[in-house]
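In case you want the letters, here they are:
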Amino acid sequence: MPNTLHVDYELKTHDETVKIVEEAMASARQVIPQGAVADYIPELGKADPEKLGICIYPLQGDMISLGDCNERFTMQSISKVFSLCIALELLGAEKLFSKVGAEPSGEAFNSLVELDLNSNKPYNPLINSGAIAVAGMLIEEVSFHDMLRFTRELCDDADIQLNKTVYESEMKTCSRNRAIAYLLESKNIIESDVEDALRFYTKMCSLDVTAESLARFANRLANDGVGNISGKRYLSSETVRIVKTLMLTCGMYDGSGTYAVEVGIPTKSGVGGGLLAVSDKRAGIGVFGPSLDEKGNSIAGCRLLREIADKLRLSLFYDTDLLAAAKIEYSLNGFQRHRQEETAKSND
Ligand code: GLN
């Protein structure tokens, strides 16, 4: 079995890694009762909060699939990553960022306050206002059918379908997103048909995926947009760089900063309970856990990622090069020694 991921400056085997992830799952389950499933979309309220699954697909080594990793759920806001990738490929960064910003908003995912009062464009493409603006641009370029085809290809999962029940449930209760869409039209950010843009956005949110299909997509993002086995390029390097940067800074809404400190893996959440996590140059990760925290992020999923990020050194800011990691520790010790010497001198 090939070595896979780094732990404490050592390479762990596949079996050792599985054990670490199983232990992290057991401890993450403990926080499930502290969260709740989303019920503002009535159909999502029917999800079983106890479900938890993770799939880790390393760039080298075998896939690890545990728990409910083949359960279908709607990707909800994770679709914003797919739409952003496709929009960057089709429209280019310049056109896209003329209508949507690239700043964290510090507001809830479905907020329209900042957009109305302080800004002429949505803060970023990973909150509702930004993604609805992207949908307004995409509908002029591509059909929903083609979006579904691209999504299946990026996830290597031909079974991804539109979940009509969830889609219809959300369309009946989406007054807030409708308000955002019309506000965007009033600011000339949406120049296409508003209702079409809203339907397109909601359909993308209602695609049924699994933790495993998300891990396959994340693996390609972690590998610069290239399939690690086929060597096929799915997305340009530039698109992938922009998307991962925005996932790190804005992917967890107003929880993004704390999450970046605690976990340090570019991640996008969805209120269906999914997490798409890209441990750059190491592994793609998909998680499913429908019990959510107050910000709308999977409560057990975030805890699970925090634990494995720590134990498997998956944070973006840990070096993948063991020697480099050892050198960094050495110079930090040097810095502490220097401070002790300075303190000793000033106490003389
Ligand atoms: N479809 C959901 C909405 O627009 C997606 C939100 C989310 O996953 N955070 O409200």
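Above this text you will find the structure in question.
Here we summarise the structure given alongside this text.

### Quick notes on the sheet that holds strand S4 (residues 64-67)
Logical step 1: In spatial order, the strands read S4-S3-S10-S9-S8; together these 5 strands make up an open sheet with antiparallel pairing. The sheet terminates laterally at S4 and strand S8 (267-269), the two strands that pair on one side only. Across this sheet, the average inter-strand angle for adjacent strands is 10°, counted without regard to direction.
Logical step 2: Inspection of the sheet shows strand S3 (residues 53-58) paired to strand S10 (residues 283-288) by 6 bridges, in the antiparallel sense. Counterpart to Pro-58 in the pairing with S10 is Ala-283.
Logical step 3: Across the sheet, helix H10 (residues 211-222) lies against S3, S4, strand S9 (274-279) and S10, angled at about 155° from S10, the strand it touches most.

### With respect to helix H9 (residues 194-205)
Logical step 1: Taking 1.5 Å of rise per residue, the 12 residues of H9 would be expected to cover 16 Å, and the 17 Å separating its terminal C-alpha atoms lies within 8% of that figure.
Logical step 2: Of all the positions in H9, only Ala-197, Leu-198, Phe-200, Tyr-201, Thr-202, Lys-203, Met-204 and Cys-205 are classed as buried.

### Things to note about the site of the ligand
Logical step 1: Gln-76, Ser-77, Phe-109, Asn-110, Asn-128, Glu-170, Asn-177, Cys-205, Gly-270, Val-271 and Gly-296 make up every residue found near the ligand.
Logical step 2: A class-by-class count of the residues in the shell around the ligand yields 3 nonpolar, 7 polar and 1 charged.

### Quick notes on the nonpolar core
Logical step 1: Counting residues in each nonpolar core, the largest one holds 98 residues, and the members touching the most others are Ile-54, Ile-132, Ala-218 and Leu-305.
Logical step 2: Once residues within four sequence positions are removed from consideration, Ile-54 is found in contact with Val-21, Met-25, Leu-66, Gly-67, Cys-69, Ala-211, Ile-285, Val-287 and Leu-304.

### What to know about the packing of helix H7 (residues 164-172) against H9
Logical step 1: Where H7 contacts H9, the axes come no closer than 9 Å and their chain directions differ by 135°. It follows from the interaxial angle that H7 and H9 lie oblique. The way H7 lies across H9 gives a crossing that is right-handed. In this structure, H7 contributes Tyr-167, Glu-170 and Met-171 to the contact, and H9 contributes Thr-202, Lys-203 and Cys-205.

### Brief notes about the environment of Val-261
Logical step 1: Position of Val-261 among the secondary structure elements: in helix H12 (residues 256-262).
Logical step 2: When the C-alpha atoms of Val-261 and Phe-317 are compared, they prove to be 9.8 Å apart, with 56 residues separating the residues in sequence.

### What to know about the sheet that holds strand S7 (residues 207-209)
Logical step 1: Strand order in the open sheet made by the 3 strands is S5-S7-S6, with antiparallel pairing throughout. Looking along the sheet, the strands with just one partner apiece sit at the ends: strand S5 (73-74) and strand S6 (161-162).
Logical step 2: As paired strands, S6 and S7 are joined by 2 bridges and run antiparallel to one another. Considered in S7, the bridge of Leu-162 is made with Leu-207.

### Regarding the packing of helix H8 (residues 175-186) against H9
Logical step 1: The N-to-C vectors of H8 and H9 enclose an angle of 135°; their axes lie 10 Å apart at closest approach. For the element pair H8 / H9, the angle class is oblique. In this structure, the crossing between H8 and H9 has a hand that is right-handed. Note on element contacts: H9 touches H8 through Val-194, Ala-197 and Leu-198, opposite Asn-177, Arg-178, Ala-181, Tyr-182 and Glu-185.

### Brief notes about the pairing of S4
Logical step 1: Looking at chain direction, S3 and S4 are connected through 4 bridges and run antiparallel. If you follow Gly-53 over to S4, its bridge partner there is Gly-67.
Logical step 2: Two successive antiparallel strands, S3 and S4, enclose a turn made up of 5 residues, where Gly-61 displays a positive phi of approximately 105°.

### Comments concerning helix H1 (residues 14-29)
Logical step 1: Taking 1.5 Å of rise per residue, 16 residues should cover 22 Å, and H1 covers 23 Å from first to last C-alpha, within 8% of that figure.
Logical step 2: By the burial criterion, the buried members of H1 are Thr-17, Val-21, Ala-24, Met-25 and Ala-28. Buried residues of H1 fall within an arc of 105° about the axis and therefore sit on the same side. The outward face of H1, more than 90 degrees from its buried face, is lined by the exposed residues Asp-15, Lys-19, Ala-26 and Ser-27.

### Digging into unusual backbone geometry
Excluding glycine, residues mostly carry a negative phi; peptide bonds, for their part, are mostly trans.
Logical step 1: With a phi angle near 65°, Asp-224 is a residue other than glycine that sits in the positive phi range.
Logical step 2: With 17 C-beta atoms packed within 10 Å, Asp-224 lands in the partly exposed category.
Logical step 3: One non-glycine residue with positive phi stands out, namely Lys-281, at about 65°.
Logical step 4: Along the chain, the position of Lys-281 falls in the loop between S9 and S10.

### Examining the environment of Glu-262
Logical step 1: You can see Glu-262 is positioned in helix H12.
Logical step 2: By the C-beta count within 10 Å, which is 16 here, Glu-262 ends up partly exposed.
Logical step 3: On a C-alpha basis, the gap between Glu-262 and Ser-315 in space is 8.8 Å, while along the polypeptide they are 53 residues apart.

### A word on the pairing of S3
Logical step 1: Among the 6 residues of S3, 6 are classified as buried, and the element is accordingly described as predominantly covered.
Logical step 2: Neither face of S3 is open: one carries Gly-53, Cys-55 and Tyr-57, the other Ile-54, Ile-56 and Pro-58, and all of them are buried.

Basis of the calculations
Residues numbered from 1 in each chain as written. Predicted model: local features only at pLDDT ≥ 70, side-chain atom pairs only at ≥ 80, totals over all residues. Pairing = 2+ DSSP bridges. Helix = DSSP H or I, 4+ residues; strand = E, 2+ residues; numbered from the N terminus. Axes fitted to C-alpha atoms, helices over the stretch in contact; angles between N-to-C directions. Contact = placed C-beta atoms within 7 Å. Expected span 1.5 Å × (residues − 1). Buried ≥ 20, exposed ≤ 12 C-beta atoms within 10 Å, placed from the backbone. Near = placed C-beta within 6 Å. Nonpolar A, V, L, I, M, F, W, Y, C, P; charged D, E, K, R; others polar. Core = buried A, V, L, I, M, F, W, Y, C linked by C-beta atoms within 7 Å. Parallel < 35°, antiparallel > 145°, perpendicular 65-115°, else oblique. Left-handed = near helix turned anticlockwise from the far one by under 90°. Arc of directions from axis to C-beta.

Limitation: the analysis is restricted to geometry and does not speak to function.
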